[in-house]
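As a plain string of letters, each chain reads:
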Amino acid sequence: MEATNNSTISSIRENRIQKLNDLTDKGINPYPYSYDKNISAAELQKKYKELAAGEETTDTYNVAGRVMAIRNTGMFIDLMDPSGKIQIFSHKENLEPDKMAIIKMLDVGDIVGFSGDVRRTPRGELSIKAKDVKLLSKSLLPLPEKFHGLTDVEIRYRQRYVDMIMNPEVRDTFRKRSLIIQKIREYLCAQGFLEVETPMLHVQAGGASARPFETYHNTLDMHMVLRIAPELHLKRLLVGGVSEKLFEMNRNFRNEGIDTRHNPEFTMIELYQAYVDYNDMMVLLENLVSSVAQDVLGTMVIEYQGQKINLTPPWDRKTMLGAIKEFTGIDFNEYLTVEEAAKQAEKLGIEVEENDSWGKILDKIFEERVEPKLVQPVHILDYPRDISPLAKVHRDNPRLTERFETRINGWEISNAFSELTDPIDQRNRFEAQAREKAMGDEEACGIDEDFICALEHGMPPAGGMGIGIDRLVMLLTNSPSIRDVIAFPTMRPRA
RNA sequence: GGGCUCGUAGCGCAGUUGGUAGCGCAGGAGACUCUUAAUCUUUUGGUCGUGGGUUCGAGUCCCACCGGGCCCA
């Protein structure tokens, strides 16, 4: 990126490069190899919380971080590290002239190490009384304005590092994201789940309904796609018997639109447990999410954009047909043909397309009339068979499957099934999908012969579940856009 | 894909009825030296997203395009 194609920036940059040269002439490496930092800003603040204003100690520490403000021509420097801020007090009484000269050359944005005694200034600011200074990295480009910071969302996304330097809450969000993922992993591993990896490069997209990114392998001379879901490979592992409980937490790629809840690459966890069904998945999800919230936020009652959401188990359960009846008054058990269902949908003002199946129509009604009304966590149970090609038929109703989607704040947070293990039925479902694809549904999946072959070797009954990590992080960090929880969201290159 | 909306100095923002652009911070020079958005003096910096059009004259009005954001499908 050409960041210097203007006069303000280039004059600042030239000025700083001159400083680089001056330092080098003095035998100082402006980009040295290491520094013996032995305390963080936050640790210092905590340790000397009781130190009174005007008090001095003889405790010496080495601190390091980024210069965020310089006052009184270098006498006071705000040094920021990931933990917080510590002030540097530099006075010629305590510093050799050559060290003082280095401090005079510092710019906001430089990364610097200081060594000195802890004191609290008469005005009450905990400080390091610098006795030594070491430039650790010279910055050449200026930071945004110190008071208003960086607010331009486009620059925040394109130059996330600047966003993170200027906005502490952004750093905090990404730390929380990391912690959430760590806690999920710990929770599942403690339950005996084995973390596995399956291919990102697929010959054929499967395991979800979505358009894939397409690519090409040169040596194999083969068209390939980036995976839209790991499901079919994880089930192969279940057939293989590596573990009766396994999960993969990683990226999926879907070649679809971008909005506040969708990024083309996103993080999902998929987990499978042998010998259980979707009922067990509901309990697992409730316990997992609520305990992660407790661990990360210290509470199971979160606030999202002004709305209180209670994650304390157990969560509400509604069947899909029951929820539709609740919010529209229409009982689709009485309208079992596509024609009847379409007529009811049209009465509700919902557009039905020519090839829409019974299940698809119900799904549309659900999305429009029910989903926006759901705020508190709720499992929506028993999805129609024709839109659930990987779920086992419902034991009590052959039109439905044992599938649930969990909604929190109306968003799909999880999608889980009593997994379809019958290879004959699976083939039939795939063939139905293939027919829809042939009729123009670009999201329908094709027939994965090797997957069916795996099922024909016998897959244990299992519950499986996918959980959208980004949306979970949005909820737990009160972030309004998925781009606030993905460090480098997909962007069109700047012209 | 549709609607609304934004783009002016590195950043945060003004810019009147159409008359060739200002403020704050940052940067430079100097002063001060226990400050914390330090202060004071002084000063540099602009292809007003891009390209057309209307006009004597466009940051401003019109059109197209580029790049964002929000909402909808």
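Residues numbered from 1 in each chain as written. Chains lettered and ligands numbered in written order. Predicted model: local features only at pLDDT ≥ 70, side-chain atom pairs only at ≥ 80, totals over all residues. Heavy atoms only, no water.

Some details on the domain arrangement of chain A
Examined at the domain level, chain A breaks down into domain 1 (7–143) and domain 2 (166–315 + 376–484). Distance from the C-alpha centre of domain 1 to the C-alpha centre of domain 2: 47 Å. (Domains from an automatic or database assignment.)

Looking at the sheet that holds strand β8 (residues 214–217)
Taking strand neighbours across the sheet as the criterion, the three strands line up as β7-β9-β8 in an open arrangement whose pairing is antiparallel. Only two strands of the sheet have a single neighbouring strand rather than two, namely β7 (201–202) and β8. (Pairing = 2+ DSSP bridges. Helix = DSSP H or I, 4+ residues; strand = E, 2+ residues; numbered from the N terminus.)

Side note on the environment of arginine 471
Mapping arginine 471 onto the fold places it in helix α14 (residues 469–477). Residue arginine 471 is classed as buried on the basis of its relative accessible area of 16%. On a C-alpha basis, the gap between arginine 471 and threonine 260 in space is 10.0 Å, while along the polypeptide they are 211 residues apart. In this structure, arginine 471 is in contact with Arg261, His262, Trp411, Glu412 and Ile413, ignoring residues within four places of it in sequence. (Buried < 20%, exposed > 50% of the residue type's maximum accessible area, 1.4 Å probe, protein only. Contact = heavy atoms within 4.5 Å.)

Quick word on the packing of helix α10 (residues 338–347) against helix α11 (residues 358–370)
Contact geometry of α10 with α11 gives a least axis separation of 9 Å together with a crossing angle of 20°. Here α11 runs roughly parallel to α10, going by the angle between their axes. Crossing handedness for the pair α10 and α11: left-handed. Seen from α10, the contacting residues are Val338, Ala341, Ala342 and Ala345; seen from α11, they are Trp358, Ile361 and Ile365. Classifying every residue of the contact of α10 with α11 by side-chain character gives seven nonpolar, no polar and no charged. (Axes fitted to C-alpha atoms, helices over the stretch in contact; angles between N-to-C directions. Parallel < 35°, antiparallel > 145°, perpendicular 65-115°, else oblique. Left-handed = near helix turned anticlockwise from the far one by under 90°. Nonpolar A, V, L, I, M, F, W, Y, C, P; charged D, E, K, R; others polar.)

As for the protein's contact with RNA strand B
Around RNA strand B there are 41 residues in total, and Thr8, Arg123, Lys146, Glu154 and Arg492 lie nearest to it. Counting only the atoms of RNA strand B within 4 Å of the protein, the fraction contributed by sugar and phosphate is 67%. At a separation of 2.5 Å, a base nitrogen of RNA strand B approaches a polar side-chain atom of threonine 73. Note that a sugar or linking oxygen of RNA strand B is positioned 2.8 Å from one of the side-chain N or O atoms of arginine 158. Listing elements by their share of the surface near RNA strand B, those giving two or more residues are α1 (7–25), β3 (84–89) and α4 (153–158). Tallying contributions element by element places α1 first for the surface near RNA strand B, with six residues. (Near = heavy atom within 4 Å. Polar contact = N/O pair within 3.5 Å; in protein donor to acceptor, adjacent residues only side chain to side chain.)

Things to note about the sheet that holds strand β1 (residues 56–71)
Backbone-to-backbone hydrogen bonds pair the strands of a sheet. The strands run either parallel or antiparallel. A barrel is described by the order of its strands in space; here five strands give the closed sequence β1-β2-β3-β5-β4, paired in mixed fashion. Mean inter-strand twist for the sheet, computed between neighbouring axes without regard to direction, equals 50°. On top of the sheet, helix α3 (residues 97–104) reaches β2 (76–81), β4 (111–120) and β5 (126–137); it is set at about 80° to β5, its chief contact.

Considerations on the nonpolar core
Ile184, Leu188, Leu271, Leu311, Met465 and Ile467 are the most contacted members of the largest nonpolar core, which totals 43 residues. If we skip the residues at most four places from it in the chain, leucine 311 touches Val289, Ser290, Ala293, Met300, Ile302, Pro377, Ile408 and Leu476. Listed in part, the 27 residues of the second largest apolar core include Tyr48, Leu51, Val112 and Ala130. (Core = buried A, V, L, I, M, F, W, Y, C linked by side-chain atoms within 4.5 Å.)

A few points about unusual backbone geometry
Put simply, proline 313 and proline 314 share a cis peptide bond, and its omega is -5°. Relative to the assigned elements, proline 314 resides in the loop between β13 (307–310) and β14 (316–319). The backbone phi angle of aspartate 221 is positive, close to 50°, even though this residue is not glycine. Exposure remark for aspartate 221: the relative accessible area of 55% places this residue in the exposed category. Although it is not a glycine, asparagine 409 sits at a positive phi angle of roughly 55°. One can find asparagine 409 in the loop between β18 (403–408) and β19 (411–418).

Considerations on the packing of aromatic side chains
Applying the stated rule across the entire model yields six aromatic pairs. When the centroid spacing of 6.2 Å and the interplanar angle of 75° are considered together, the rings of tyrosine 48 and tyrosine 61 count as edge-to-face. Highlighted residues: tyrosine 48 in the loop between α2 (41–47) and β1 and tyrosine 61 in strand β1, separated in sequence by 13 residues. Accessibility expressed as a relative area gives 8% for tyrosine 48, which makes it buried. In this structure tyrosine 61 comes out as buried when scored by relative accessible area, which is 12%. Aromatic pair tyrosine 304 and tryptophan 411: ring centres 5.2 Å apart, planes at 80°, arrangement edge-to-face. Taken together, the positions of tyrosine 304 in strand β12 (residues 301–304) and tryptophan 411 in strand β19 put the pair 107 residues apart, joining distant regions of the chain. Assessed through its relative accessible area of 5%, tyrosine 304 is described here as buried. One residue, arginine 403, lies across the ring of tyrosine 383, its end atom 4.4 Å from the ring centre. (Phe/Tyr/Trp six-rings, centres within 6.5 Å; stacked < 30°, edge-to-face > 60°. Lys NZ or Arg CZ within 6 Å of the ring centre and 35° of its normal.)

With respect to helix α6 (residues 168–190)
Along its 23 residues, α6 runs 32 Å from first to last C-alpha, staying within 8% of the 33 Å computed at 1.5 Å per residue. Within α6 the residues assigned to the buried category are Val170, Arg171, Thr173, Phe174, Arg177, Ile180, Ile181, Lys183, Ile184, Tyr187 and Leu188. Positioned one or two residues after α6, glycine 192 has a phi angle of 90°, which is positive. (Expected span 1.5 Å × (residues − 1).)

Structural notes on the pairing of β18
Most of β18 is tucked away, with six of its six residues classed as buried. Note that strand β15 (residues 378–381) and β18 share four bridges and pair antiparallel. Residue pairing across strands places valine 378 opposite arginine 407, the latter belonging to β18. Note that β18 and β19 share six bridges and pair antiparallel. Each bridged residue has a counterpart across the sheet, and for glutamate 405 the counterpart in β19 is asparagine 415. Once β18 ends, the chain turns through two residues before running back antiparallel as β19, passing asparagine 409 with a positive phi of about 55°.

With respect to α10
Those residues of α10 not exposed but buried are Ala341, Ala342, Gln344 and Ala345. Projected down its long axis, α10 shows its buried positions confined to an angular sector of 160°, all on one face. Opposite the packed face of α10, turned more than 90 degrees from it, sit the exposed residues Glu339, Lys343, Glu346 and Lys347. Buried residues along α10 sit in contact with α11. One or two steps after α10, the chain reaches glycine 349, where phi turns positive at roughly 80°. (Arc of directions from axis to C-beta.)

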